[in-house]
Amino acid sequence: MAIESLDLKGKVALVTGASKGIGAAIARIYAEHGASVMLSSRKIDALEETAATIEGDTAVFAANGGNPEQAQACVAATIERFGGLDILVNNAATNPYFGRTIDIDLPRFDKIVEVNLRGPFVWTQEAWKQVMATGGGTVINIASVGGLTYSGPIGVYDMSKAALIHLTKHLADEMGPGVRVNAIAPGLIKTDFARALWEPGGDRAEWPWPLARLGEPLDVARTALYLASDLSSWVTGEIIVVDGGAMVR
Ligand SMILES: NC(=O)c1ccc[n+]([C@@H]2O[C@H](COP(=O)([O-])OP(=O)(O)OC[C@H]3O[C@@H](n4cnc5c(N)ncnc54)[C@H](OP(=O)(O)O)[C@@H]3O)[C@@H](O)[C@H]2O)c1
């Protein structure tokens, strides 16, 4: 019974930032559970390589998460290719700056906001306008524990994720009852994106949080599967922390 509830057969998903890391893991687990999946990110070669490793019904579309015209085109291409759009995962994000927040230059401040905050908004707006306002669906925003707590030299990135969490709640209120909108706040996950944070830890056996290991993309993908599935049919406006328990310390 539980396995049937996780079935995404007949559903269409669009995942941004899907060529590697968490987005690729989400695209893979959705396809494994029967969804048709559009993978999007900036580089078409990487997308094609990743899609070739996924068994199931997939397609690829190159788009920059921060570009509204490309968002519009990618949502339209998804509907054209698969006949609809039921699940949007706003996963693409960037962090071009490490250091004191007070010293950041405006181009990098604007880039972070453009991709990490305005991006998810625009992609959601396109999904809503093109299909979800009438057809319903679910939106999953990939935030970060950095949006819930202070975490040092990535202040503007964390601010963008805090705002994304707030936006998630507003959109959940406005887009219901047809559309559910939730967020996942991952802790430290072993991807290229966070390499500067986990690589110095090397091969340490124990990380300083209750579940003591580094997160894997699959840890986040499993939660994204739950939020896309009927198992979460009465969950909206929620932020699910997936961090091995780090937030309790
Ligand atoms: N890893 C962590 O510890 C961690 C923790 C908390 C939250 N997160 C969040 O998890 C999400 C995924 O991160 P990840 O760790 O999986 O990163 P990753 O392994 O570096 O993958 C990032 C993906 O996003 C794409 N991308 C980057 N910039 C883009 C843009 N401007 N437009 C469209 N696609 C873009 C990349 O492909 P292209 O370069 O081809 O575009 C790639 O597919 C992000 O929202 C990140 O903030 C990660």
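Residues numbered from 1 in each chain as written. Predicted model: local features only at pLDDT ≥ 70, side-chain atom pairs only at ≥ 80, totals over all residues. Heavy atoms only, no water.

### Topic: the sheet that holds strand β2 (residues 36-41)
Ordered by their spatial adjacency, seven strands build an open sheet running β3-β2-β1-β4-β5-β6-β7, and the pairing between neighbours is parallel. On the outer flanks of this sheet lie β3 (58-62) and β7 (239-242), each paired with one strand and no other. The average angle at which neighbouring strand axes cross in this sheet is 20 degrees, direction not considered. Here strand β6 (residues 179-186) pairs with β7 via four bridges, running parallel. Residue pairing in the sheet places Pro186 in a bridge with Val242 of β7. On the sheet, helix α6 (residues 155-175) packs against β5 (137-142), β6 and β7 and is oriented at approximately 160 degrees with respect to β6. (Pairing = 2+ DSSP bridges. Helix = DSSP H or I, 4+ residues; strand = E, 2+ residues; numbered from the N terminus. Axes fitted to C-alpha atoms, helices over the stretch in contact; angles between N-to-C directions. Contact = heavy atoms within 4.5 Å.)

### Topic: the packing of aromatic side chains
A ring pair, where both rings are aromatic, is described by two values, the distance of the centres and the angle of the planes. For the coordinates displayed, the defined rule picks out two aromatic pairs. Residues Tyr157 and Phe193 carry aromatic rings whose centres are separated by 5.7 Å and whose planes lie at 45 degrees to one another, so their mutual orientation is tilted. Placement of Tyr157 in helix α6 and of Phe193 in the loop between β6 and α7 (195-198) is noted, with a sequence separation of 36 residues between them. By relative accessible area, Phe193 is classed as partly exposed at 43%. Judged by centre distance (5.6 Å) and plane angle (25 degrees), the rings of Trp207 and Trp209 are stacked. The pair formed by Trp207 and Trp209 is uniform in burial state, with each residue classed as buried. (Phe/Tyr/Trp six-rings, centres within 6.5 Å; stacked < 30°, edge-to-face > 60°. Buried < 20%, exposed > 50% of the residue type's maximum accessible area, 1.4 Å probe, protein only.)

### Some remarks on the packing of helix α2 (residues 21-32) against helix α8 (residues 217-228)
Interaxial distance between α2 and α8 falls to 8 Å at its minimum, and their mutual angle equals 50 degrees. As summarised for this structure, α2 and α8 are arranged oblique, according to the angle between their axes. Of the two elements, α2 crosses α8, and the hand of that crossing is right-handed. From α2, Gly21, Ile22, Ala25, Ile26, Ile29 and Tyr30 reach across to α8, where they touch Pro217, Leu218, Val220, Ala221, Arg222, Ala224, Leu225 and Ala228. Considered class by class, the residues forming the contact of α2 with α8 number twelve nonpolar, one polar and one charged. (Parallel < 35°, antiparallel > 145°, perpendicular 65-115°, else oblique. Left-handed = near helix turned anticlockwise from the far one by under 90°. Nonpolar A, V, L, I, M, F, W, Y, C, P; charged D, E, K, R; others polar.)

### Re the layout of surface pockets
Of the pockets and cavities examined, the second largest pocket occupies roughly 180 Å³. Around the second largest pocket sit Lys11, Asp86, Ile87, Gly135, Gly137, Thr138, Arg180, Ala228, Ser229, Asp230 and Ser233, which together line it. Partitioning the lining of the second largest pocket into residue classes produces two nonpolar, five polar and four charged. (1 Å grid on protein atoms, 1.4 Å probe; cavity = no way out; pocket = protein on both sides within 12 Å on 5 of 7 lines; lining within 4 Å. Points joined across faces, edges and corners; volume = space filled by probe spheres on them.)

### What about the nonpolar core?
Ile26, Tyr30, Val37 and Ile140 are the most contacted members of the largest nonpolar core, which totals 31 residues. For this core, the secondary structure elements donating two or more residues are β1 (12-16), α2, β2, α3 (44-52), β4 (87-90), β5 and α8. Ranked by residue count, the leading element in this core is α2, at seven residues. Not counting residues up to four positions away in its chain, the partners in contact with Ile26 are Val15, Val89, Ile142, Ala221 and Ala224. Formed by 30 residues, the second largest nonpolar core is a distinct cluster that contains Leu14, Val75, Met132 and Val145. (Core = buried A, V, L, I, M, F, W, Y, C linked by side-chain atoms within 4.5 Å.)

### A short note on unusual backbone geometry
A cis amide bond links Gly176 with the next residue in sequence, Pro177, at an omega value of 5 degrees. Considering the arrangement of structural elements, one finds Pro177 in the loop between α6 and β6. Residues other than glycine seldom take positive phi values, yet Ala212 does so here, at roughly 60 degrees. Examined against the element boundaries, Ala212 turns out to sit in the loop between α7 and α8. Since its relative accessible area comes to 15%, Ala212 is described here as buried.

### Points about the site of the ligand
Taken together, the neighbourhood of the ligand is formed by 29 residues, with Ser19, Gly65, Asn91, Tyr157 and Thr191 sitting nearest. Between an oxygen atom of the ligand and a main-chain N or O atom of Asn91, the distance comes to 2.7 Å. One of the side-chain N or O atoms of Lys161 is found 2.9 Å from an oxygen atom in the ligand. When the free accessible area of the ligand is taken as 890 Å², the share hidden by the protein chains comes to 94%. Within the residue set of the shell around the ligand, elements represented by two or more residues are α2 and α6. For the shell around the ligand, a count of residues per class yields 14 nonpolar, ten polar and five charged. (Near = heavy atom within 4 Å. Polar contact = N/O pair within 3.5 Å; in protein donor to acceptor, adjacent residues only side chain to side chain. Areas by Shrake-Rupley, 256 points an atom, 1.4 Å probe, with all protein chains shown as cover.)

Purely geometric stuff here, so don't read any function into it on its own.
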